[in-house]
Structures are given as structure tokens and as C-alpha cells.
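Notes for the structure review
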Amino acid sequence: MPSFARFTHLLSSLPATVPFVGPEAIERNRGLAVRARIGANESGFGPAPSVVAAMAEAASDTWRYSDPENFELKHALAEHLGCYPANIAVGEGIDALLGHIVRMIIEPGMPVVTSLGAYPTFNFHVAGYGGRLVTTPYVQDREDPAGLLELVKRENAPLVYFANPDNPMGSWWNADAVVEFAEALPETCLLILDEAYCETAPDGTTPALSRLIDRPNVMRTRTLSKAYGLAGARVGYVITTPENAQAFDKIRNHFGMARISVAGALAALKDQAYLADVLQKISASRDAISDIARANGLLPLVSATNFVAIDCGRDGAYARAIVDGLMEHGVFIRMPGVAPLNRCIRISTGLPQDMALLAEALPQVLKTIG
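Residues numbered from 1 in each chain as written. Predicted model: local features only at pLDDT ≥ 70, side-chain atom pairs only at ≥ 80, totals over all residues. Heavy atoms only, no water.

For the α-helix, the turn length of 3.6 residues means that residues three or four positions removed from each other point alike. Among all positions of helix α4 (residues 71–81), only Leu73, Lys74, Leu77, Ala78 and Leu81 are buried. The buried side chains of α4 occupy one side of the element, clustering within an arc of 135 degrees when seen end-on. α4 presents Glu72 and Glu79 as exposed residues on the side facing more than 90 degrees away from its buried surface. Contact partners of the buried residues in α4: β2 (88–91), α9 (209–212), β7 (218–223), β8 (236–239) and α11 (259–270). One or two positions beyond α4, positive phi appears at glycine 82, with a value near 85 degrees. (Buried < 20%, exposed > 50% of the residue type's maximum accessible area, 1.4 Å probe, protein only. Helix = DSSP H or I, 4+ residues; strand = E, 2+ residues; numbered from the N terminus. Arc of directions from axis to C-beta. Contact = heavy atoms within 4.5 Å.)

What follows is the structure, given as C-alpha cells:
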């Protein structure tokens, strides 16, 4: 039977794919139960009890649409950040916002600059709008601002993606280096500065808002999915100029935010004491992961995120064998998808029982695969 004729040529040329294989799919396909879910950079520590209570209370009103202007959430974010509500656009997680930004900037054939091995969902959106990815490799397991800048200038690219701290390696640059990179970009190139892990990063990593907020070619994306524990609620936001923020109203899904999610986000921003406690737990869990890696002859990389990349010392096939072997024990982790980063595995921070399962399973897996 012929394919559906009304699809565009672009859509017909794309593969049907999901950028990440979730633990649910692994459970279905391999018949294995996940006992330690430490592979998706979620927060196993969960949201604050105050957040859960707020979401439960909001559930009875879920028959209503959420405010399409996101008025209350924008004002709460602005108060928390120290900017104006007009500087903020809200969306269904960073993933949705990345899609909106690509749609704003990219037409078929346009070059888009990113790092080879960086966040796959961004690449997914670029392909979906017909953009042409141009990549530069990581240098010493960090994204390379100089390499990105060189490509932007060579290609006259209208869009560049840079994450700080970085996924999948957990590495980072200091705030001065980030600002220097942003200021060196041509005015014709928009920088997506992905700051999904800014809460877990060391002091001095994230530039003050005042240093970049007036630059019309910078959009900073953030989320409540990581340290705040709201990955399933899908709450993300962009910090940028008022003109840029208003541009989202031209294309976004105005009823895309769930009332329950908004209630959870508002409560999370109020409960900063809980966030501080979670950040301590994340730090302790990073140390535990690193200790487990070293005890098994592997090299943990220093991380500014809620996960730790671990250098397995060999190639991607060996790292994949560790990932698959741990899943046989019910321990779900991931690995970067591109060489040479794929010599590593990536383990998210988690509860003490997750770390105990990892410590028990890892030496068995390493012994089995040799």
C-alpha cells in the first residue's frame, strides 16, 4: 500500500524515532524489571512533600485548562530569578522549548552548530525542521566553545547550541568563559544556552542574569525536571529579552501546560529548603557513584550535574556490555551515543538502595564480561 501522500517531503524523509530508549521500553522488550532507575537524570529523591500536596489539591480542578498566559508562574519565576516576567517564556519542559526555538530560526537547509555527542533531542528537532547539523568534537570531555565559534563563523550559522553544565559528560565551563563565548558570537547567530543542571553546578558556573539578559541573540533554557524532581510534570522556561519571549506566543501550544504541573512548579519554587536538602543528597550520591567506580577499577569524571560519567577505559562495545549487563541485574543506566564519549557510562544520582544495588551488581558484570 502506498505511503500517505499528504505527508511533506521532509516528513517522509525522516525516520520514526525516539531520541532516548526509556526504561519502560527496556522492561517491555527484554522482560526485565528496573530495580534501580538511575539512567535518565531524573531525581530519585522526588519532589518536596509540599509539592506533592499542592499537585494533589490541584487534581480536582484538572477539568479546567491552565492559564494560557502562565501569568502566575511567570511572576513566581521572575521573583525567584530577579528579573521581569516579560523576560520569561514557559513551556512543557526544555525539550518542547528547544523545538519552538528551532522552529523560530531554522528553515530547510540552514546550518545549525552543536557539539558531536551533545543532547540528542536538540538534534531531533533540527532534523524535524530540515536543518543541517554541523558539529565539533568535545575536547578533554568538555564542549569546545572555540570550536563552536569557529563553525558558526565558517557556516554563517543562525543557531548554536551549548549546554553548561553539559549532558552527557557532566563537565562545565565557568561563567566568565560562557559570557565570553556569547559575546564573541555574531549578532546574526542565536545562542541556546542550556542550563538544565544549573542548580547542581558549583558556584561561579552560571552567569548572573544581568550579564546576558539584554542580549537578543541569547536564550537560556532551564527546567524543574532535575533538582526539583518534576521530570514527569514537564515544566521548563526560557530567560531572554522581552521581544524574544513574546515570540513564543506566535507558535507555542497555549494550553500546553497542565494545571497540576503549574501547581507543582509554584510550590517547588516556594520550598527552597527542600531544594537545598536535595542538592546535598545529590552531592553525596555523586561521591557514592565515584567511590563505586573507583572500587571497580573505573574512572569517574568530575561532575556538575545530577549524574556521573564514568570512563570505562576501553571502547563503546565494552561500555555497552556494562550497560546491558547491569540491566540484567535491574540497574538501568545509559551511555553517550557517540565516540569517543561512548567509552563512558553515565549513572544518575539516586537513593541509598540504588547505590547498594549498583555496588552489588557492577563487580559481577565486570567479571562476566572480562
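Taken in spatial order, the seven strands line up as β2-β8-β7-β6-β5-β3-β4 in an open sheet, and their pairing is mixed. Edge positions in the open sheet fall to β2 and β4 (132–136), since each of these has one partner strand only. Ignoring strand direction, the axes of neighbouring strands in this sheet form an average angle of 20 degrees. By the bridge criterion, four bridges tie β7 to β8 in an arrangement that is antiparallel. Its bridge partner being in β8, arginine 222 is matched across the sheet by tyrosine 237. On top of the sheet, helix α7 (residues 145–155) reaches β3 (111–115), β4 and β5 (159–163); it is set at about 140 degrees to β4, its chief contact. (Pairing = 2+ DSSP bridges. Axes fitted to C-alpha atoms, helices over the stretch in contact; angles between N-to-C directions.)

The next point concerns the sheet that holds strand β9 (residues 299–300). Strand order in the open sheet made by the three strands is β9-β10-β12, with antiparallel pairing throughout. On the outer flanks of this sheet lie β9 and β12 (344–348), each paired with one strand and no other. For strand β10 (residues 307–311) and β12, the ladder comprises five bridges, and the chain directions are antiparallel. Bridge pairing in β12 places isoleucine 310 opposite isoleucine 345. Of the strands in this sheet, β9, β10 and β12 are in contact with helix α12 (residues 272–295), which crosses β10 at around 15 degrees.

Once that is clear, we can look at the packing of helix α13 (residues 316–328) against helix α14 (residues 352–369). It is the contact of α13 with α14, at a shortest axis distance of 9 Å, that shows an interaxial angle of 130 degrees. As far as their axial angle goes, α14 and α13 are oblique. Relative to α14, α13 is oriented so that their crossing is right-handed. In this structure, α13 contributes Tyr318, Ala321, Ile322, Gly325 and Leu326 to the contact, and α14 contributes Leu358, Ala361, Leu362, Val365, Leu366 and Ile369. Looking at the contact of α13 with α14 residue by residue, the class counts come to 10 nonpolar, one polar and no charged. (Parallel < 35°, antiparallel > 145°, perpendicular 65-115°, else oblique. Left-handed = near helix turned anticlockwise from the far one by under 90°. Nonpolar A, V, L, I, M, F, W, Y, C, P; charged D, E, K, R; others polar.)

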